[in-house]
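# Commentary on secondary and tertiary structure
Given next are the chains, with one letter for each unit.
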Amino acid sequence: MSELLIKNAVVCDPINNVNCEKMDISVKDGKIVESVSSGAKVIDAGGKLTMAGGVDGHTHCAGKINVGRFMSPHDMRMTNVPGLSGKEAPTATTRAQVGYNTPNAFAIGYRYAKMGYTTIGEAAIPIIGARHTHEEFEAIPILDKFGLTLFGSNWQVMEYIRDDEPEKLAAYVAWGLKASRGYGIKIVNPGGGEAWGWGKNVSGLDDPVPNFDVTPAQIIMGLAEANEKLNLPHSIHLHCNNLGKPGNYETTIASMKLLENLKSNRDRQVLHVTHVQFNAYGGTSWRDFESAAPQVSDYINSTDHMTFDLGQAIFGPAMTMTADGPVEYANSRMLNAKWSNMDVELEDASGVVPITYSPKNFVNAVQWAIGLELALLVDDPWKVMFTTDSPNGGSFVNYPEAYTYLMSAKRRAEIIETLPEMALGRMNIPGIDRELDLYELAIMTRAMQSKMYCMDTKGHLGVGADADIAIYDIKPDSVDTTVEYVAVKKAFSGAAYTIKSGEVVVKDGEIAMTPEGRTYWVNAKMPQATVDAMQVDVAKKFKKYYTVSQANYMVEDAYLPHPVEITTEAL
Amino acid sequence: MAVITDAICSLCGSLCDDITVTVEDNVITDVERACILGRNKFVGMFLHDRIESPMIRKNGELVDVSYEEAIDEAAKILVNSKRTLSYGWCSTSCEAISKAIQLAEETGSLIDSTANVCHGPSALAVQEKGGPSATLGAVKNRADVVIFWGCNPAHAHPRHMSRYSSFSKGFFTQKGRKDRKMIVIDVRKTDTAKLADTYVEIDQGSDYLLVTALRSAINGHEDVIPDTVAGVSKEDVLELANVLKEAKYTCVFYGMGVTQSRSKYKNGDGVSSLISDINQHSKAVMIGMRGHYNVTGFGQVATWETGFPMAIDFTRGAPYYNPGETGANDVLTRGDVDAAIISAADPGAHFPQDSLKYLAKIPVIQIDPYANPTTELSDVVFPAAVVGVEAEGTAYRMDGISLRMKKLIDTKFKTDEEIAVDLINKVRELKGGA
Amino acid sequence: MQTVTLSLKEKNAIPIEADTINPDNFASKSKDEIGAILVWYGNAQVTIGEVFDVAVDGSDSTENTKIVINGDVSRVKRIGQEMSAGEIEINSNVDMHCGSNMTGGKITINGDADSWVGCEMKGGEIVVNGNGSYYVGGGYRGEACGMKGGKITVTGNVRDYLGEHMCGGEIVVKGDAGLLPGISNNGGSIIIEGSTTMPASEMKAGTIIIKGEAAELMPSFAEDGTEDVDGVTYRKFAGDVNANGKGVLLVK
Ligand SMILES: [Zn+2]
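None of the values given here were measured: they were computed from a predicted structure.

## A word on the nonpolar core
In terms of nonpolar packing, the biggest core is built from 330 residues, with Trp149(B) and Ile79(C) touching the most fellow members. With 11 residues, the single largest contributor to this core is helix α11 (residues 362-377) of chain A. Of the residues that make up this core, three or more belong to each of domain 2 (50-116 + 293-433) and domain 3 (120-288) of chain B. Contacts of Ile79(C), omitting those with residues within four sequence positions, involve Ala18(C), Ile21(C), Ile69(C), Val73(C), Ile88(C), Ile90(C), Val94(C), His97(C), Cys98(C), Gly99(C) and Ile107(C). Core analysis: the next-biggest nonpolar cluster, separate from the first, contains 38 residues, Val23(B), Ala196(B), Tyr249(B) and Leu408(B) among them.

Given below as structure tokens:
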């Protein structure tokens, strides 16, 4: 039995209302406990900032990212963020590392851990490709993982919604989560993936999906109701229609409003809208393009049924990857960039295209501002998950840099000064003086995730929580985060300690050991009769349309060597 | 007697997963639904002589030794090498590939797959322009135009056309072949071409010119196309371009006729651009016809573990990638390595003479179920289980879908994965002791 | 003026990777200091002194440092990589990546240069008094730009993909070039005095002049009259139309 006592930690733990107070933390067998024996190993935190391990609830870390790697060998030598990018030879404790936007699996684990993160969520798993996702999960060291399963252009889903079969729909979703060992429902450009099967797209919530006679709005509602029927730990996770288009904020707000009256039996939102930066665009074309963050934020401030994440843009090279197939093709033509695509039989589509966000480009400058505006104009930090939608808005290794934008108006002003005059008139960030404190940062980077994913043992340091702990080399008592942003960035770039399940995995910014992480998945139970009826329909799909047999479709136990099965009962 | 259903055929990149296998007394006695090639793999393995024992070459002869002695000898070769080539790893599981990569990393070696002599240029093409692709089921359910370019599935992928492409029936293609236009582009009239609605015969090595002319036509620049391109009349080029523009869904399946002919990866690069251009008018995708059943898996595993799909050089610690410099034949023809470890591949039968001459000069470690021409060049030989028959594990279909291969019968032989792990451990022991 | 003479002691088979051999690293260093600089030999590092006889004459800044390399360095890669000034003279065939990423100074190769000579170079000059190979002035795999500036002159022939993805600078080949020279040219200038095949494909910008025979012109260029250069009249082509290119291809 291993025991650990962390003394003199200044703890920011919003779930437990601990606002950067000095205290000790006791750890036993990988969990936070009330107290430990005198024989416990002691770490003296010396007044340093201490938080629960970070949770990145929306990142592209396994599966599609491999397409991004495959097409960009030059990314492997990029060193844009020293210490957290580029090539590193193997050491006695670490495997070889490469890359920046699309690092190899080992580097993903090491670099998140260095930043004090201990849990990450892959944002998009195609069911038929789920085995691959889990193979990559297994290769990512240290971190706990979970993934969201794509349902938004799935034939069976659309047919059940069209045919008004909500029970079978819920049973199918439960089965799909089991087949893919997924944690929740992801919806990407609902219906758009199917339209892309013919090189087309859907234009908004009420534009019917070709050949399926359902609308994106119906898909969203149907899946949200199934989500609540199944009592899933997460809400639906929505990538709205019309992503990346000027004027799309209206679709975004309309999508949010759809779910206003849906009730959940769990203590969480009924809707998470992802990477809203890409969906808060005003104007009618790229010429009159402007931030619509104020409109979107106003709406979010007026309601309590939803959470969202930023998809903050980071200046420099990035790699877009999404199940939104038509958007990626359009990107590649507009940017004259490489284009990878994958039409996934009966289920979805996807694409991968590199991009560079330049501070000299007025559109990119406004994109940069929109993410920050959303974070700062939405009053309640519990509604806001910090992300760059890595690597869509930029690689996750830029998180420490991005924190400084949120915490320091002075730092923001330095960047704003470099932006084109034309961009300044299209954004609101120069007039915003809000600066997040460490407590609010802790909410956006770990605490709100605990609630929004109903992960009771993650994102906080209360008794019973997993002993996933980050100790950063700044002292909340003395640091002024609004001006000392260099020190803030440095501290978050290489934790003094990262502790995962009670073990010190990072010390002084370097990897100390590399245990294997766990994989969370949800087994949602439905009445057997409904499951059987659903199975009859699914069996037909395999017989006639899939190119793999049903027996070879389900992800086998062998691919989850350290599973955590979350069971729910349908209402 | 055991009957195993939904078994996966580990022969070619089609990775058919609907095979029924009958096993009696640990021998496969019947195979249903497999093609002749697959059947030969399942049943034929009992007809061929296996390598029965680990062997080491002593005084010019391969002699039987204990497994431990062979591991010891092989590890010594690896530890004493300035730069080893690890090659093959495409007719084995992803789990074995992962360990092979770790072995290469720990020994400062260079590791490459059989893509070096088949679809390696396809990867380079993706790195130029991306890979606009689809799963095979998307083609089955949607494609009304199927093009086979420089490939001959009638021989190399016998069930491809019935399961996934020309003849398959799907949701939007209920009539199968009748709903579909089949086009073959090749330098000679293959058996696949004989089944096509349209056969376009092109001059050897001129694929890139035809791709470019098609692009010009689709992009509205007919005027720049000469009367004949690649041996094809302008009229035929324009007609083909028109078919692509008018199609609902086109898939271009391309083979080694594209990747290994003159202009190599620029052909695939051009096809990728062509696909992008067609999508301005309709919908199109491309899929490479991969040969070895898990050559796609090597590319996938290597990419998530090292950042690169093939030709990965750990000589300086961190991985470096540069086909043309770090490919298996690049280093063999130049004599840039001083040892080799070869698994589940037969360079003895497939490499150019220069490479083989050099392989004969350096210590070679072979891991394989069967003796083949490479055995003649080898100094340490490990017999291995037949993955996909005697050992389970993951493989990737040509479209990037991964499947779990079953273990169908028991074996006394170690798996490639176990041998790689034993080598890693022995190398660590030798290095630690040094 | 500082002159450093490196003479290879014994020809190697496994390549040596000598990206540390450049004037920037040698300037104002003594014989012992230079001899102690590391290079890679297979999967281990050795000192320059172990593989070369080192002679040093004088001590000076990078601009005023000249490195003379003797002996058969046809298996020594990356000489002159990232050099910013000074001079290197190689009296032998040289292995891959010579002068890659250089930003200034001059490299003279009195022999053949293997592939990727002047890869991604940004400034300075390389003269190959012999043949080049593949990817002269090209770029790293996946990268959008090869050579961006400077000049490469090859007195002999080169093989395929000359100046692939070039974004600037100038290449002159006195002999023949292999397949697809100037492919994806995005602003560089290439002169091929001999013959070549399928030039200028996907060119977006820049100029390519072919004085010998240009076989198999790409079906993606529009003929656009003639143009005189140094008193010679060339057929002028504009393209690549599929890249919406504004490049100029001049052939006889
Ligand atoms: Zn995302």
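## Digging into the confidence of the model for chain C
Per-residue confidence for chain C gives a mean pLDDT of 97; residues scoring 70 or more make up 100%. If you check the scores for this complex, the pTM reads 0.97 and the ipTM reads 0.97.

## Quick notes on the interface of chain A and chain C
Between chain A and chain C, the contact holds 6 residues from the first and 6 residues from the second. Each partner contributes to the roughly 510 Å² buried at the junction of chain A and chain C, and carbon and sulfur atoms together form 44% of this total. At the junction of chain A and chain C, the tally comes to 2 salt bridges. Glu143(C) is the salt-bridge partner of Arg77(A), the closest N and O atoms lying 2.7 Å from each other.

## Observations concerning the state of the cysteines
As used in these notes, a disulfide is a covalent bond between sulfur atoms, one from each of two cysteines. This structure, assessed with the given rule, holds 2 disulfides over all chains. The residue that forms a disulfide with Cys145(C) is Cys167(C), at a sulfur-sulfur distance of 2.0 Å. Judged by the sign of its S-S torsion, about -85 degrees, the cystine formed by Cys145(C) and Cys167(C) is left-handed. Taken together, the positions of Cys145(C) in the loop between β10 (125-128) and β11 (151-154) and Cys167(C) in the loop between β11 and β12 (170-173) put the pair 22 residues apart, joining distant regions of the chain. In this structure Cys61(A) is not part of a disulfide, and its nearest cysteine sulfur, from Cys94(B), lies 18 Å away. Cysteine Cys151(B) shares no disulfide, and the gap to the nearest cysteine sulfur, in Cys251(B), comes to 9.7 Å.

## Structural notes on the sheet that holds strand β2 (residues 16-17) of chain C
Residues and elements named next belong to chain C. Spatial strand order, β4-β3-β2-β7: 4 strands in an open sheet with mixed pairing. Each having just a single partner strand, β4 (44-47) and β7 (76-77) make up the two edges of the open sheet. Where β2 lies against β7, 2 bridges are found, and the strand directions are parallel. Across the sheet, Glu17 pairs through a bridge with Lys77, a residue of β7.

## Section: the coordination of the zinc ion
Tetrahedral metal sites with four donors have an ideal angle of 109.5 degrees; octahedral sites with six donors have ideal angles of 90 or 180 degrees. Residues and elements named next belong to chain A. With distances of 2.0 to 2.1 Å, the protein atoms coordinating the zinc ion are His58 (NE2), His60 (NE2) and Asp389 (OD). Linear spacing of the donor residues for the zinc ion on their chain is H-x1-H-x328-D. Considered together, His58 and His60 belong to a single accessibility category, that of buried residues.

## Regarding the packing of aromatic side chains
Applying the stated criterion across every chain, the model contains 43 aromatic pairs over all chains. Following the ring pairs from residue to residue traces out a cluster consisting of Tyr112(A), Tyr117(A), Phe386(A), Phe396(A), Tyr399(A), Tyr403(A), Tyr472(A) and Phe492(A). Above the plane of the ring of Tyr117(A) lies Arg446(A), whose end atom (NZ or CZ) is 5.9 Å from the centre. Taking NZ or CZ as reference, Lys266(B) lies 5.8 Å from the ring centre of Tyr161(C), over its face.

## Considerations on the interface of chain B and chain A
At the junction of the two partners, chain B supplies 65 residues and chain A supplies 53 residues. Overall, the association of chain B and chain A removes approximately 4,900 Å² of surface from exposure, summing both partners, and the carbon and sulfur fraction of that is 55%. One can count 5 salt bridges joining chain B with chain A. For the salt bridge of Arg397(B) with Glu345(A), the shortest nitrogen-to-oxygen distance reads 3.8 Å. Inspection of the chain B/chain A interface yields 39 residue pairs in polar contact (both at pLDDT 80 or more). The element contributing the most residues to the side of chain B that touches chain A is helix α5 (residues 136-142) of chain B, with 6 residues. Here the residues of the side of chain B that touches chain A sort into 26 nonpolar, 21 polar and 18 charged. Relative to strand β8 (residues 132-134) of chain B, strand β16 (residues 340-344) of chain A runs parallel, the two being bridged by 3 bridges. The residue of β8(B) that forms the bridge with Met342(A) is Ser133(B).

## Considering the side chain of Ser184(C)
Residue placement: Ser184(C) occurs in the loop between β12 and β13 (186-192). Dropping the residues within four chain positions of it, Ser184(C) is found in contact with His165(C), Met166(C), Ser201(C), Glu202(C) and Met203(C).

## Points about the packing of helix α5 (residues 166-180) of chain A against helix α17 (residues 528-544) of chain A
All names here are of chain A. One can describe the packing of α5 onto α17 by two numbers: an axis separation of 9 Å at closest approach and a directional angle of 70 degrees. As far as their axial angle goes, α17 and α5 are roughly perpendicular. The handedness of the crossing between α5 and α17 is right-handed. Together, Glu167, Lys168, Ala171, Tyr172 and Trp175 of α5 and Thr530, Val531, Ala533, Met534, Gln535, Asp537, Val538 and Phe542 of α17 make up the contact between the two elements. Here the contact of α5 with α17 is composed, by residue class, of 8 nonpolar, 2 polar and 3 charged.

## Observations regarding a negative patch on the surface
Together, Asp433(A), Glu435(A), Asp480(A) and Glu484(A) line one region of the surface with negative charge. Examined against the element boundaries, Asp480(A) turns out to sit in the loop between β19 (469-472) and α16 (485-493).

## Side note on α17(A)
All names here are of chain A. Taking 1.5 Å per residue as the helical rise, α17 with its 17 residues ought to reach 24 Å, and the 24 Å between its terminal C-alpha atoms agrees with that figure. Listed in full, the buried residues belonging to α17 are Thr530, Val531, Met534, Asp537, Val538, Lys541 and Phe542. Against the buried residues of α17 lie α4 (155-162) and α5.

## As for the pattern of salt bridges
One pass over the structure, following the stated rule, counts 73 salt bridges over all chains. For Glu3(A), the salt bridge identified is with Lys28(A), shortest N-O distance 4.0 Å. A residue pair is termed long-range when its members are at least 10 positions apart, and Glu3(A) in strand β1 (residues 3-13) and Lys28(A) in strand β2 (residues 18-28) qualify at 25 residues. In this structure, the salt-bridge partner of Glu87(C) is Lys66(C), at a minimum N-O distance of 3.8 Å. Pair noted here: Glu87(C) is in strand β8 (residues 87-90) and Lys66(C) is in strand β6 (residues 65-70), with a separation of 21 residues, a long-range link. On the basis of relative accessibility, which here comes to 29%, the residue Glu87(C) falls in the partly exposed class. By sharing partners, the salt bridges in this structure join Arg333(A), Glu128(B), Lys129(B), Arg215(B), Lys266(B), Asp269(B), Asp277(B), Glu164(C) and Glu202(C) into a single network.

So, how was this worked out
- Residues numbered from 1 in each chain as written.
- Chains lettered and ligands numbered in written order.
- Predicted model: local features only at pLDDT ≥ 70, side-chain atom pairs only at ≥ 80, totals over all residues.
- Heavy atoms only, no water.
- Core = buried A, V, L, I, M, F, W, Y, C linked by side-chain atoms within 4.5 Å.
- Buried < 20%, exposed > 50% of the residue type's maximum accessible area, 1.4 Å probe, protein only.
- Helix = DSSP H or I, 4+ residues; strand = E, 2+ residues; numbered from the N terminus.
- Domains from an automatic or database assignment.
- Contact = heavy atoms within 4.5 Å.
- pLDDT = per-residue confidence, 0-100.
- Buried area = accessible area lost by both parts, 1.4 Å probe.
- Salt bridge = Lys/Arg side-chain N within 4 Å of Asp/Glu carboxyl O.
- Disulfide = S-S within 2.5 Å.
- Pairing = 2+ DSSP bridges.
- Donors = N, O, S within 2.8 Å, 3.2 Å for Na, K, Ca; no water.
- Phe/Tyr/Trp six-rings, centres within 6.5 Å; stacked < 30°, edge-to-face > 60°.
- Lys NZ or Arg CZ within 6 Å of the ring centre and 35° of its normal.
- Polar contact = N/O pair within 3.5 Å; in protein donor to acceptor, adjacent residues only side chain to side chain.
- Nonpolar A, V, L, I, M, F, W, Y, C, P; charged D, E, K, R; others polar.
- Axes fitted to C-alpha atoms, helices over the stretch in contact; angles between N-to-C directions.
- Parallel < 35°, antiparallel > 145°, perpendicular 65-115°, else oblique.
- Left-handed = near helix turned anticlockwise from the far one by under 90°.
- Patch = residues over 30% accessible without salt bridge, like charges linked within 9 Å, V, L, I, M, F, W, Y side chains within 5 Å.
- Areas by Shrake-Rupley, 256 points an atom, 1.4 Å probe, with all protein chains shown as cover.
- Lys, Arg positive; Asp, Glu negative; His and termini not counted.
- Charge placed at Lys NZ, Arg CZ, Asp CG, Glu CD.
- Expected span 1.5 Å × (residues − 1).

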